Amino acid sequence: MSYIQSLYPPEHTHCYGCGPANPAGLHVQTHWDGETGTCRYTPSAAHMAYPGVVYGGLIACLMDCHGIGTAIAAAYQAEGRPVGSDPAINMVTGNLSVTYKLPTPLGPELLLEARVKREFPRKMLISCELSAEGKVTAVGEILGVRLPS
Ligand SMILES: CCCCCCCCCCCCCC(=O)SCCNC(=O)CCNC(=O)[C@H](O)C(C)(C)COP(=O)(O)OP(=O)(O)OC[C@H]1O[C@@H](n2cnc3c(N)ncnc32)[C@H](O)[C@@H]1OP(=O)(O)O
């Protein structure tokens, strides 16, 4: 299945975190299976906080865009229609919080798993876990707020 961000309308494909059309961006890709949003990302040496450890700001960026991608997928699903169908569902981040539980090792692929925690008429609260080599190193919450269509 295509990743969620590849289904965004062209005018929304320039986001630094997830826009496929942003050459300098991170290109976060969210895969949605109907319950969980999954994203895999391998940081580069430039994403270092200190030797061997991933920069926390990068982790926040990954959770932000993956959380919004998951929220958008879940919002389409709640309306019983395919992602990207009209009218487009646009969301922005209203709130983002990250708890860094352990240093995240720089080198291995990171796995982000996001799920809907609470759903409101105009908001979607997403929880996200980030793990490396099977260990959860950070958890976060992302509030997606829906913009008028
Ligand atoms: C396929 C489809 C593609 C779509 C592509 C999408 C592009 C993807 C691009 C990738 C993007 C990547 C991600 C990025 O980088 S997005 C960029 C970073 N985010 C922003 O710039 C957002 C800036 N803020 C705003 O624009 C407005 O403040 C928003 C739109 C958020 C709300 O202002 P608005 O005047 O419209 O609405 P409202 O004030 O009536 O509030 C509405 C509801 O929300 C609740 N609330 C609001 N804020 C917060 C908060 N901080 N914590 C908790 N709750 C909050 C509020 O209580 C209310 O709840 P309720 O009373 O109704 O229960």
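Residues numbered from 1 in each chain as written. Predicted model: local features only at pLDDT ≥ 70, side-chain atom pairs only at ≥ 80, totals over all residues. Heavy atoms only, no water.

Undergrad: So what exactly am I meant to see when it comes to the pairing of strand S2 (residues 37–41) here?
TA: Two faces belong to every sheet, and in a regular strand the side chains alternate between them. Residues Gly37, Cys39 and Tyr41 point to one face of S2 and are all buried, whereas Thr38 and Arg40, pointing to the other face, are not buried. In this structure, the hairpin formed by strand S1 (residues 31–32) and S2 is closed by a connection of four residues, where Gly34 is found at a positive phi of approximately 100°. Across five bridges, the pairing between S2 and strand S6 (residues 110–119) is antiparallel. Note on S6: the bridge partner recorded for Cys39 is Leu112. (Buried < 20%, exposed > 50% of the residue type's maximum accessible area, 1.4 Å probe, protein only. Helix = DSSP H or I, 4+ residues; strand = E, 2+ residues; numbered from the N terminus. Pairing = 2+ DSSP bridges.)

Undergrad: Looking at this structure, how should I read the UniProt feature "domain: Thioesterase" (unreviewed entry) in the chain?
TA: The UniProt record annotates "domain: Thioesterase" (unreviewed entry) at residues 52–136. With 27% helix and 40% strand, residues 52–136 has its two end C-alpha atoms placed 16 Å apart. (UniProt positions renumbered as here; feature names shortened; annotations may be inferred.)

Undergrad: Any chance you could explain helix H1 (residues 56–78) here in plain terms?
TA: Because the α-helix completes a turn every 3.6 residues, residues three or four places apart line up on one side. For H1, spanning 23 residues, the distance from its first C-alpha to its last is 32 Å, which sits close to the expected 33 Å at 1.5 Å a residue. Counting buried positions along H1 gives 17 out of 23 residues, so the element sits mostly inside the fold. At the C-terminal side of H1, Gly80 shows a positive phi close to 70°. (Expected span 1.5 Å × (residues − 1).)

Undergrad: Would you explain the pairing of strand S7 (residues 123–132) in this entry?
TA: Of all ten residues making up S7, seven are buried, and the element is well covered by its neighbours. When S6 meets S7, the two strands line up antiparallel, connected through nine bridges. The residue bridging Val116 from the neighbouring strand is Ile126, located in S7. Between S6 and S7, which pair antiparallel one after the other, the connecting turn spans three residues. Where S7 and strand S8 (residues 135–146) come together, ten bridges link them in antiparallel fashion. Bridging from a neighbouring strand, Lys123 pairs with Val145 of S8. Linking S7 back to S8 in an antiparallel pair, the connection comprises two residues, with Glu133 at a positive phi of about 50°.

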